[in-house]
Amino acid sequence: QVQLVESGGGLVQPGGSLRLSCAASGSIFSIDAMGWYRQAPGKQRELVAAITSDGTINYVDSVKGRFTISRDNAKNTVYLQMNSLKPEDSAVYYCNANIVVDGSNWLQRVRDDYWGQGTQVTVSS
């Protein structure tokens, strides 16, 4: 019913930049919070950044000042601009969104969390 498609990952040198994007499509009534998680080998998945529908933003301490999360509500898309990348930023990055799926009428709407397929970010010289 709903899909999140990610793009923008790749291989960059330390100090470089990447911009990730995640577009939601399907029978969407509304999207509340959207965010980016990452998971490195041997480590737990962690929340990197999140943004609510009214613009409230949270970042994990390790990326503050370097990463910027934003969203385009008209396009159902969330972005993560990553600057001054470090090797420790290397991970698979996953998009997440809390979405109300549309139905026949307002009584049929259902809220659930959705995940993107993941995109690899590798920071290495």
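Residues numbered from 1 in each chain as written. Predicted model: local features only at pLDDT ≥ 70, side-chain atom pairs only at ≥ 80, totals over all residues. Heavy atoms only, no water.

Draft legend 1. The pattern of salt bridges, seen in detail. One pass over the full model with this rule turns up five salt bridges. A salt bridge links E46 to R38; the shortest N-O distance between them is 2.8 Å. R38 gets classed as buried once you look at its relative accessible area, which sits at 6%. One salt bridge in this structure joins D89 and R66, with 2.8 Å as the shortest N-O distance. Linking D89 in the loop between β8 (77–82) and β9 (91–101) with R66 in the loop between β6 (57–59) and β7 (67–72), this pair joins segments that are 23 residues apart in sequence. (Salt bridge = Lys/Arg side-chain N within 4 Å of Asp/Glu carboxyl O. Buried < 20%, exposed > 50% of the residue type's maximum accessible area, 1.4 Å probe, protein only. Helix = DSSP H or I, 4+ residues; strand = E, 2+ residues; numbered from the N terminus.)

Draft legend 2. Layout of the packing of aromatic side chains. Under the defined criterion, the tally for this structure stands at one aromatic pair. The cationic tip of R45 hangs over the ring face of W115; the distance from NZ or CZ to the ring centre is 4.9 Å. (Phe/Tyr/Trp six-rings, centres within 6.5 Å; stacked < 30°, edge-to-face > 60°. Lys NZ or Arg CZ within 6 Å of the ring centre and 35° of its normal.)

Draft legend 3. Layout of the nonpolar core. Membership of the largest hydrophobic core comes to 31 residues, with the highest contact counts inside it found for L4, W36, L80, M82, Y93 and I99. With six residues, the single largest contributor to this core is β9. Filtering out sequence-adjacent residues up to four positions away, L80 remains in contact with L18, R19, L20, W36, V48, A49, F67, T68, I69 and Y93. (Core = buried A, V, L, I, M, F, W, Y, C linked by side-chain atoms within 4.5 Å. Contact = heavy atoms within 4.5 Å.)

Draft legend 4. Representation of the sheet that holds strand β1 (residues 2–7) in the model. One open sheet holds the four strands; their spatial order is β1-β3-β8-β7, and the pairing between them is antiparallel. Because the sheet does not close on itself, it has two edges, and the strands there are β1 and β7. Averaged over all neighbouring strand pairs, the angle between strand axes comes to 15 degrees, with direction disregarded. As paired elements, strand β3 (residues 18–26) and β8 share six bridges and run antiparallel to each other. Within β8, the position partnered with L20 by the bridge is L80. (Pairing = 2+ DSSP bridges. Axes fitted to C-alpha atoms, helices over the stretch in contact; angles between N-to-C directions.)

Draft legend 5. Representation of the state of the cysteines within the structure. In the structure shown here, the tally under the stated rule is one disulfide. Across a sulfur-sulfur distance of 2.2 Å, C22 and C95 are joined as a disulfide pair. Between C22 and C95, the disulfide has an S-S torsion of -85 degrees and is therefore left-handed. In this pair, C22 sits in strand β3 while C95 sits in strand β9, placing the two residues 73 residues apart along the sequence. On the accessibility criterion, C22 (0% relative accessible area) is buried. You can call C95 buried: its relative accessible area is 0%. (Disulfide = S-S within 2.5 Å.)

Draft legend 6. Representation of the environment of D32. With respect to the secondary-structure elements, D32 resides in strand β4 (residues 28–39). Taking the relative accessible area as the measure of exposure, D32 reaches 35% and is therefore partly exposed. With 21 residues separating them in the primary sequence, D32 and S53 have C-alpha atoms 5.1 Å apart. Every residue in contact with D32, bar those within four places of it in the chain, is listed here: I51, T52, S53, R71, N98 and R111. There is a polar contact of 3.5 Å between the side chain of D32 and the side chain of S53. (Polar contact = N/O pair within 3.5 Å; in protein donor to acceptor, adjacent residues only side chain to side chain.)

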